[in-house]
Amino acid sequence: MTVRLRLPRRALAAATAGALALSLAACGGTTKDSAESSGDKSASGKTANPNAPMEKGLKLAFLPKQVNNPYMKIVDDSGIAAAKGFEAEAKEVGPSDASASSQVSYINTLIQQQHDAIMISANDPNAVCGPLKQAMQQDIAIVAYDSDTAPECRDVFIKQASSEDIARTQVEMLAEQIDSKGKFAILSATANATNQNAWIELMKKELEKPEYADMELVKVAYGDDDDQKSFQQTQGLLQAYPDLKGIIAPTTVGIAAAARYIDGSEYKGKVAVTGLGTPNQMRQFIKNKTVEEFALWDPKQLGYLAAYAGGALASGQITGKEGEVLKAGDLGERTIQPNGEIILGPPTKFNADNIDEFQF
């Protein structure tokens, strides 16, 4: 099998056009061989050139779960700023709702606009696969970040931290706050979110440990990453389980909504709220003791890493294969793990002792 270097997209387009012109001049038509050399990534293998320069003027696009999500805004703004640092053009586009198919039309538009890389936080791992595969066939690099697609639909996945670390951290925090006893619920984002579902399954596995024998997960509720719906779901949980001792919300929208409800209710000081949130949105709830502790990675670094991955893929520095090394600017190097995963780092816990050290 012939293995080719992944050329930068513009160079590939130029090379393809030149080869096609020669073919037409020589034999008056397009042969099967020339058609197969048109840049379809599925037609041949790829190898990385780690010494290739970062191509200038790349067109990158961030496609978050929804554009009105404060957390996603932090991630994407950081990625857009990072792209400017290596002279790329970057923008954010996306739906205002987090439904499974809401991102499809945006992917199709980005393909038509001939972007070099698409960074996507998927609302559903499979609903976006069709158009993403079409993008990959046109040599557009696909970087999943925050919430993964099916692996065959992207080149790499920028993972916030290991799923095991994220799940373990959330269970440990709640256990400490409720003395490892009592009923609790999980307030998730959408029912199809890959990251949420992976963490929840690992939390259930963590709860099988002897030290959590007196903790009972009574329900997993879904707020669809909508503030008002998450608020209402919190209210519904307390009505259904008045003896609830805690809520884990592994979503920044959910934890803020849950904290806001508890803060204004009779349950303040009685029901622990923890999970994943940003310091800026949770600061008031830490200060007024509604929330004792929560966790997250640095979303700015997540966006930064995603941008560099998109640029490196589009420039041919990496292909997404295990063992390749991504050079990520100020973040240093990251080795690509099995299944195309690039891990940012372990989560950080935020509480009254350290929350004022962070501004994001």
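These numbers were taken from a predicted model, which means no experiment stands behind them.

The rules behind each value
- Residues numbered from 1 in each chain as written.
- Predicted model: local features only at pLDDT ≥ 70, side-chain atom pairs only at ≥ 80, totals over all residues.
- Heavy atoms only, no water.
- Helix = DSSP H or I, 4+ residues; strand = E, 2+ residues; numbered from the N terminus.
- Buried < 20%, exposed > 50% of the residue type's maximum accessible area, 1.4 Å probe, protein only.
- Areas by Shrake-Rupley, 256 points an atom, 1.4 Å probe, with all protein chains shown as cover.
- Axes fitted to C-alpha atoms, helices over the stretch in contact; angles between N-to-C directions.
- Parallel < 35°, antiparallel > 145°, perpendicular 65-115°, else oblique.
- Left-handed = near helix turned anticlockwise from the far one by under 90°.
- Contact = heavy atoms within 4.5 Å.
- Nonpolar A, V, L, I, M, F, W, Y, C, P; charged D, E, K, R; others polar.
- Core = buried A, V, L, I, M, F, W, Y, C linked by side-chain atoms within 4.5 Å.
- Disulfide = S-S within 2.5 Å.
- Pairing = 2+ DSSP bridges.
- Right-handed = clockwise from strand over helix to strand, strands pointing away.
- Phe/Tyr/Trp six-rings, centres within 6.5 Å; stacked < 30°, edge-to-face > 60°.
- Salt bridge = Lys/Arg side-chain N within 4 Å of Asp/Glu carboxyl O.
- pLDDT = per-residue confidence, 0-100.

## Overview of the overall build of the chain
Part 1 of the argument: A count of helical and extended segments in the chain gives 11 helices and 16 strands.
Part 2 of the argument: Within the span of the chain, comprising 360 residues, buried residues form 54% of the whole.
Part 3 of the argument: Carbon together with sulfur atoms contributes 49% to the accessible area of the chain, which is approximately 15,000 Å² in total.

## Details of the packing of helix H3 (residues 70-85) against helix H11 (residues 299-314)
Part 1 of the argument: Where H3 meets H11, the axes come as close as 7 Å, and the angle between the chain directions of the two elements is 45°. Here H3 lies oblique to H11, going by the angle between them. The two elements H3 and H11 cross, and the hand of that crossing is right-handed. Between H3, through Tyr71, Ile74, Val75, Ser78, Gly79, Ala82 and Ala83, and H11, the contact on the second element is made entirely by Pro299, Lys300, Gln301, Leu302, Gly303, Tyr304, Ala307 and Tyr308.
Part 2 of the argument: Residue classes in the contact of H3 with H11 are distributed as 10 nonpolar, 4 polar and 1 charged.

## A word on the environment of Ala258
Part 1 of the argument: As for its position among the elements, Ala258 is in helix H9 (residues 252-263).
Part 2 of the argument: Not counting residues up to four positions away in its chain, the partners in contact with Ala258 are Leu187, Thr234 and Val273.

## Details of the nonpolar core
Part 1 of the argument: One finds Ile158, Leu238 and Trp297 to be the most contacted residues of the largest nonpolar core, which totals 84 residues.
Part 2 of the argument: Leave out the neighbours within four places in its chain, and Leu238 touches Leu244, Ile247, Tyr261, Ile262, Tyr267 and Val271.
Part 3 of the argument: Membership of the second largest hydrophobic core comes to 18 residues, among which are Ala61, Cys129, Leu132 and Cys153.

## Quick notes on the state of the cysteines
Part 1 of the argument: Considering all chains together, one arrives at 1 disulfide under this definition.
Part 2 of the argument: Each disulfide pairs two cysteine sulfurs, and for Cys129 the partner residue is Cys153, the sulfurs being separated by 1.8 Å. Disulfide Cys129 to Cys153: torsion about the S-S bond roughly 100°, handedness right-handed. A residue pair is termed long-range when its members are at least 10 positions apart, and Cys129 in helix H5 (residues 129-137) and Cys153 in the loop between strand S6 (141-145) and strand S7 (156-159) qualify at 24 residues.

## A look at the pairing of strand S10 (residues 244-249)
Part 1 of the argument: Burial analysis of S10 places 5 of its 6 residues in the buried class, the great majority of the element.
Part 2 of the argument: Where strand S8 (residues 182-188) meets S10, 4 bridges bridge the pair, whose relative direction is parallel. By the bridge assignment for S10, Phe184 is matched with Gly246.
Part 3 of the argument: Where S10 meets strand S11 (residues 272-275), 4 bridges bridge the pair, whose relative direction is parallel. Opposite Ile247, over in S11, you have Val273 as the bridge partner.
Part 4 of the argument: Chirality of the crossover, the property in question, places the unit of S10, H9 and S11 among those that are right-handed.

## A word on the packing of aromatic side chains
Part 1 of the argument: A complete count under the given rule lists 10 aromatic pairs for this structure.
Part 2 of the argument: Ring geometry for Phe86 against Tyr308: centres 4.9 Å apart, planes inclined by 65°, an arrangement best described as edge-to-face. Of the two residues, Phe86 sits in the loop between H3 and strand S4 (89-92) while Tyr308 sits in helix H11, which places them 222 residues apart along the sequence. Residue Phe86 shares its accessibility class with Tyr308, and that shared class is buried.
Part 3 of the argument: Linked through ring pairs, Phe294, Phe350, Phe358 and Phe360 together constitute an aromatic cluster.

## As for the pattern of salt bridges
Part 1 of the argument: Evaluation of the coordinates by the stated rule reveals 14 salt bridges.
Part 2 of the argument: The salt bridge involving Asp148 is made with Arg154; its shortest N-O contact spans 2.9 Å.
Part 3 of the argument: Note on Asp148: relative accessible area 10%, which makes it buried.
Part 4 of the argument: We note a salt bridge from Lys204 to Glu201, for which the minimum N-O separation is 3.5 Å.

## Things to note about the confidence of the model for the chain
Part 1 of the argument: Averaged over all residues, the pLDDT of the chain equals 89, while 88% of them reach at least 70.
Part 2 of the argument: Counting interchain partners and residues more than four positions distant, the pLDDT-below-50 stretch residues 1-6 has 28 contacts.
Part 3 of the argument: pLDDT under 50 marks residues 10-44. Its contacts with residues more than four places away, or in other chains, come to 36 contacts.

## Points about the packing of helix H6 (residues 163-177) against helix H7 (residues 194-206)
Part 1 of the argument: Relative to each other, H6 and H7 sit at 60°, their axes nearing to 8 Å. Classified by the angle between their axes, H6 and H7 sit oblique to one another. Both H6 and H7 take part in a crossing whose hand is right-handed. On H7, the residues that touch Ser163, Glu164, Ile166, Ala167, Arg168, Gln170 and Val171 of H6 are Ala198, Trp199, Leu202, Met203 and Glu206.
Part 2 of the argument: Considering only residue class, the contact of H6 with H7 consists of 7 nonpolar, 2 polar and 3 charged.

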